[in-house]
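Here is what each chain is made of, one letter per residue.
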Amino acid sequence: MSLLSNNGLRPDIPEGEGEWDRFKNLLDDQNEWPAHYTFKFIVPASNVEDVKAVFGGHPVRVRSSSKGTYKSVTAQVQVASSAEVVSVYKEASSIEGVIAL
């Protein structure tokens, strides 16, 4: 299940509440920090560079859909905490058309 949709998380929930907190708690329950975390997104082909920029200089794998309209973007990054994971998802969710897996 993805917490993000193509419009991001519910904007009616104030920062620090609701779904992001539940996601952060789930991450803390299932991981020990620091850890390697794999991020996966489906992105309109026109926005791939924006998503790659979220990961700075970290290596990113990009694969095209059969029609080339969408691309999957995968990055495995060393993160220090669940807050860092949530921060990446929040930044990516601000990019139009992004779907987190």
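A short tour of the structure in this document, coming up. This structure is a prediction, so every number in the text was calculated from the model and none was measured. (Residues numbered from 1 in each chain as written. Predicted model: local features only at pLDDT ≥ 70, side-chain atom pairs only at ≥ 80, totals over all residues. Heavy atoms only, no water.)

## Comments concerning the overall build of the chain
Working step 1: Secondary structure summary: the chain contains three helices and four strands in total.
Working step 2: Beginning at the N terminus, the succession of helices and strands in the chain can be written as α-β-α-β-β-α-β.
Working step 3: Among the 101 residues that make up the chain, the fraction classed as buried is 34%.
Working step 4: Across the chain, the fraction of contacts at a sequence separation of at least 24, relative to all contacts at a separation of at least 6, is 69%. (Helix = DSSP H or I, 4+ residues; strand = E, 2+ residues; numbered from the N terminus. Buried < 20%, exposed > 50% of the residue type's maximum accessible area, 1.4 Å probe, protein only. Contact = heavy atoms within 4.5 Å.)

## Side note on the nonpolar core
One recurring pattern in soluble globular proteins is that nonpolar side chains are buried together.
Working step 1: In terms of nonpolar packing, the biggest core is built from 23 residues, with Phe39, Phe41, Phe55 and Tyr89 touching the most fellow members.
Working step 2: Residue contributions to this core peak at five residues, all from helix 3 (residues 82-93). (Core = buried A, V, L, I, M, F, W, Y, C linked by side-chain atoms within 4.5 Å.)

## As for the packing of aromatic side chains
In this description, a pair of aromatic rings is defined by centroid distance and the angle of the planes.
Working step 1: Counting across every chain of the model gives seven aromatic pairs.
Working step 2: Aromatic side chains Phe23 and Tyr89 sit 5.4 Å apart centroid to centroid with 75 degrees between the ring planes, which places their arrangement in the edge-to-face category. You can see Phe23 sitting in helix 1 (residues 19-30) and its partner Tyr89 sitting in helix 3, a full 66 residues away along the chain.
Working step 3: With 6.3 Å between their ring centres and 85 degrees between their planes, Tyr37 and Tyr89 make a pair best called edge-to-face. Of this pair, Tyr37 sits in strand 1 (residues 35-44) while Tyr89 sits in helix 3, placing them 52 residues apart in sequence.
Working step 4: Put simply, the rings of Phe23, Tyr37, Phe39, Phe41, Phe55 and Tyr89 pair up and form one aromatic cluster. (Phe/Tyr/Trp six-rings, centres within 6.5 Å; stacked < 30°, edge-to-face > 60°.)

## Remarks on unusual backbone geometry
Working step 1: The linkage connecting Trp33 with the following residue, Pro34, adopts the cis geometry, with an omega of -5 degrees.
Working step 2: For Pro34, the position within the fold is in the loop between helix 1 and strand 1.

## Points about the packing of helix 1 against helix 3
Working step 1: As a packed pair, helix 1 and helix 3 sit with axes 9 Å apart at the nearest point and diverge in direction by 135 degrees. Judged by the angle between their axes, helix 1 and helix 3 are oblique. Read as a crossing pair, helix 1 and helix 3 show a hand that is right-handed. Contact with helix 1, carried on its side by Trp20, Phe23, Lys24, Leu27 and Asp28, involves Ser82, Ala83, Val85, Val86, Tyr89 and Lys90 of helix 3 and no other residues of that element.
Working step 2: Here the contact of helix 1 with helix 3 is composed, by residue class, of seven nonpolar, one polar and three charged. (Axes fitted to C-alpha atoms, helices over the stretch in contact; angles between N-to-C directions. Parallel < 35°, antiparallel > 145°, perpendicular 65-115°, else oblique. Left-handed = near helix turned anticlockwise from the far one by under 90°. Nonpolar A, V, L, I, M, F, W, Y, C, P; charged D, E, K, R; others polar.)

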